[in-house]
Amino acid sequence: MINFLHTILKEYEVAEDSFWHAGAFTIWHFIYVFLIASAVAGAIVGLYFASKKAKKTTLDVLAILVLCIYLFDLFVRPIAQLEGDLEQSIHSYLDKLPFHICTVMAPLCVLAQHSKLFAKIKEPLVILGIVGPLMYITYPSGVFGDRFPFCYNTIQTMLYHGVLFAWGVLNLTTGETKISIKKGWYKYGLCIISVSLWALLGNMAFSDMSSAKSWADTGYDWFFQKSGAFYIANGELWYSIFAPIAVAIAVYAVGIAVYGIYHLVYFIASKIKKAKINKVIEEKQKEEANV
């Protein structure tokens, strides 16, 4: 049975010059981006006139779906990565532990959506639920490479990030979560610090910290704290200190940009709505004057 599942889930690689090469910024990458963007846009339109209960139910289901996709992956990924025995493939399992932004959001988005206690910090978690997937979908270096575009790893990773992204965006577009940069900038900052420290704890636990080089070469790269996502000077002491700080600042900056876009859209929408109201009032006044 395990060999049969491995055949189905295996990450088949293809040559770089092949039509089926799914590298970042190739046609396959853009197809996935288009599918995710279209699905989210369709959901925004579909929920625009929906009842408050329908909107809440949709978000509840999406949060649970994120967690289900994540847990399912924990069970089957070692089989997909099997190239010898299960002990060998356990490496891929450990890499999926919740120390990345998006993996830690699996339980957090459920708690934010369904727990009254976590509802108090739902705003920064919603922003993080947008920022993490958005950055990864824009540059999915961990899934696109020499892999077949429709193998398990590619589909699972893009599906997971797509659903998480939808949960974050729809929380804003449905009005289920109200955000304010004046009240939320420091909450989001504290959220980033907390996630960074959590990722650092995971990286420290699974890495050899005897030197900067061993730190970079062993364990995992959760939250891209070792590579800084750019792999400029891995193994250098200065970079080992700089990378995690730079990544946290970058994620925070993208989150602030999301706040800015939200307020800009809200400002434009309110102006359009006000203009329509004023037009209706003017037309009514003209009708009354003619009478």
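Now for a look at the structure at hand. (Residues numbered from 1 in each chain as written. Predicted model: local features only at pLDDT ≥ 70, side-chain atom pairs only at ≥ 80, totals over all residues. Heavy atoms only, no water.)

### Focus on the overall build of the protein chain
This is how the line gets drawn: To qualify as a helix, a DSSP run of H or I must reach at least 4 residues; to qualify as a strand, a run of E must reach at least 2; elements of each kind are numbered from the N terminus. Three exposure classes are used, based on accessible area relative to the maximum for each residue type with a 1.4 Å probe and protein chains only: buried under 20%, partly exposed in between, and exposed over 50%. Only heavy atoms matter for contacts: two residues are in contact if any of them lie within 4.5 Å across the pair. Calculation of accessible area relied on Shrake-Rupley with a 1.4 Å probe; when residues are assessed, cover is drawn exclusively from the protein chains displayed. Positive: Lys, Arg. Negative: Asp, Glu. His and the chain ends are not part of the count. For this purpose, a charge sits on NZ of Lys, CZ of Arg, CG of Asp or CD of Glu.
Within the protein chain, the secondary structure is distributed over ten helices and zero strands. When the helices and strands of the protein chain are listed from N to C terminus, the series reads α-α-α-α-α-α-α-α-α-α. Projected onto its principal axes, the C-alpha coordinates of the protein chain cover approximately 90 × 45 × 40 Å. Here the protein chain holds 291 residues, and 42% of them are scored as buried. Looking at the protein chain alone, contacts between residues at least 24 apart form 70% of all its contacts between residues at least 6 apart. Accessible area of the protein chain: about 16,400 Å², with a carbon and sulfur share of 70%. Across the protein chain, 24 positive and 21 negative side-chain charges occur, with their mean positions spaced 18 Å apart.

### Some words on the nonpolar core
Filter applied, for reference: Among the buried residues, those of types Ala, Val, Leu, Ile, Met, Phe, Trp, Tyr and Cys that are joined through side-chain atoms within 4.5 Å form a nonpolar core.
In terms of nonpolar packing, the biggest core is built from 50 residues, with Leu128, Trp167 and Val251 touching the most fellow members. Those elements that provide at least two residues to this core are helix H2 (27–48), helix H3 (52–80), helix H5 (101–114), helix H6 (122–138), helix H7 (152–173), helix H8 (181–205) and helix H10 (237–290). A total of ten residues in this core trace back to one element, the largest contributor, which is H7. Here valine 251 is in contact with Ile101, Leu128, Val131, Met135, Tyr188, Ile192 and Phe223, once residues within four sequence places are set aside.

### Observations regarding the packing of aromatic side chains
Stated precisely, the cut-off is as follows: Pairs were defined over the aromatic rings of Phe, Tyr and Trp, the Trp ring being its six-membered one, requiring ring centres within 6.5 Å. Orientation was assigned from the angle between planes: stacked under 30 degrees, edge-to-face over 60, tilted for the rest. Here, a charge over a ring means that NZ of Lys or CZ of Arg falls within 6 Å of the ring centre while also lying within 35 degrees of the ring normal.
Tallying each qualifying case throughout the model produces 21 aromatic pairs. Here phenylalanine 148 and phenylalanine 150 contribute two aromatic rings whose centre-to-centre distance is 5.8 Å and whose plane-to-plane angle is 80 degrees, an arrangement assigned as edge-to-face. A relative accessible area of 40% places phenylalanine 150 in the partly exposed class. Within the aromatic cluster, the residues linked to one another by ring pairs are Phe19, Trp20, Trp28, Phe148 and Phe150. Across from the ring centre of tryptophan 215, 4.9 Å away, lies the NZ or CZ of lysine 226, which sits over that ring.

### Examining the pattern of salt bridges
The condition that has to hold: By definition here, a salt bridge exists when the distance from a side-chain nitrogen of Lys or Arg to a carboxyl oxygen of Asp or Glu is within 4 Å.
Taken as a whole and judged by the stated rule, the model has four salt bridges. The partner of glutamate 176 in a salt bridge is lysine 52, and the shortest N-O contact between them spans 3.5 Å. With glutamate 176 in the loop between H7 and H8 and lysine 52 in helix H3, the pair connects residues that are 124 residues apart, well separated along the chain. Classification of glutamate 176 as partly exposed rests on a relative accessible area of 21%.

### Considerations on the environment of serine 194
Which entries qualify depends on this criterion: Polar contact criterion, stated in full: a pair of N or O atoms within 3.5 Å, where within protein one must be able to donate a hydrogen and the other to accept it, and residues adjacent in sequence count only if both atoms are side-chain atoms.
Residue position: serine 194 is located in helix H8. Judged by its relative accessible area of 46%, serine 194 is partly exposed. At 2.9 Å, the side chain of serine 194 forms a polar contact with the backbone oxygen of leucine 190.

### A closer look at the packing of H6 against H7
The condition is simple: An axis is simply a line fitted to the C-alpha atoms; with a helix, the fit covers only the stretch in contact. Between two such axes, the angle follows the N-to-C directions and lies from 0 to 180 degrees. Put simply, angles under 35 degrees are roughly parallel, angles over 145 are roughly antiparallel, angles from 65 to 115 are roughly perpendicular, and the rest are oblique. Helix crossings are classified by the rotation of the near helix relative to the far one: an anticlockwise turn of less than a right angle makes the crossing left-handed, while a clockwise turn makes it right-handed. Any residue that is not Ala, Val, Leu, Ile, Met, Phe, Trp, Tyr, Cys, Pro, Asp, Glu, Lys or Arg is counted as polar, Gly included; the first ten are nonpolar and the last four charged.
Closest axis-to-axis distance for the H6/H7 pair is 8 Å, and the angle between their directions is 140 degrees. If you check the angle between H6 and H7, you find them oblique. The two elements H6 and H7 cross, and the hand of that crossing is left-handed. Here Lys122, Leu125, Val126, Gly129, Ile130, Pro133, Leu134, Tyr136 and Ile137 of H6 lie close against H7, whose contacting residues are Thr157, Met158, His161, Gly162, Leu164, Phe165, Trp167, Gly168, Val169, Asn171 and Leu172. Residues of the contact of H6 with H7, tallied by class, amount to 13 nonpolar, six polar and one charged.

### Regarding unusual backbone geometry
The phi dihedral of phenylalanine 25 is positive, around 70 degrees, even though this residue is not glycine. Mapped onto the secondary structure, phenylalanine 25 falls in the loop between helix H1 (2–9) and H2. A relative accessible area of 48% places phenylalanine 25 in the partly exposed class. Even without a glycine there, the phi angle at phenylalanine 223 is positive, about 60 degrees. Relative to the assigned elements, phenylalanine 223 resides in the loop between helix H9 (212–217) and H10. By relative accessible area, which is 2% here, phenylalanine 223 ends up buried.

### Observations regarding the packing of H1 against H3
Contact geometry for H1 and H3: axes closest at 8 Å, N-to-C directions at 90 degrees. In terms of their interaxial angle, H1 and H3 are classed as roughly perpendicular. Facing H1, whose interface residues are Ile2, Leu5, His6 and Leu9, H3 presents Val76, Ile79 and Ala80. In the contact of H1 with H3, the residues fall into six nonpolar, one polar and no charged.

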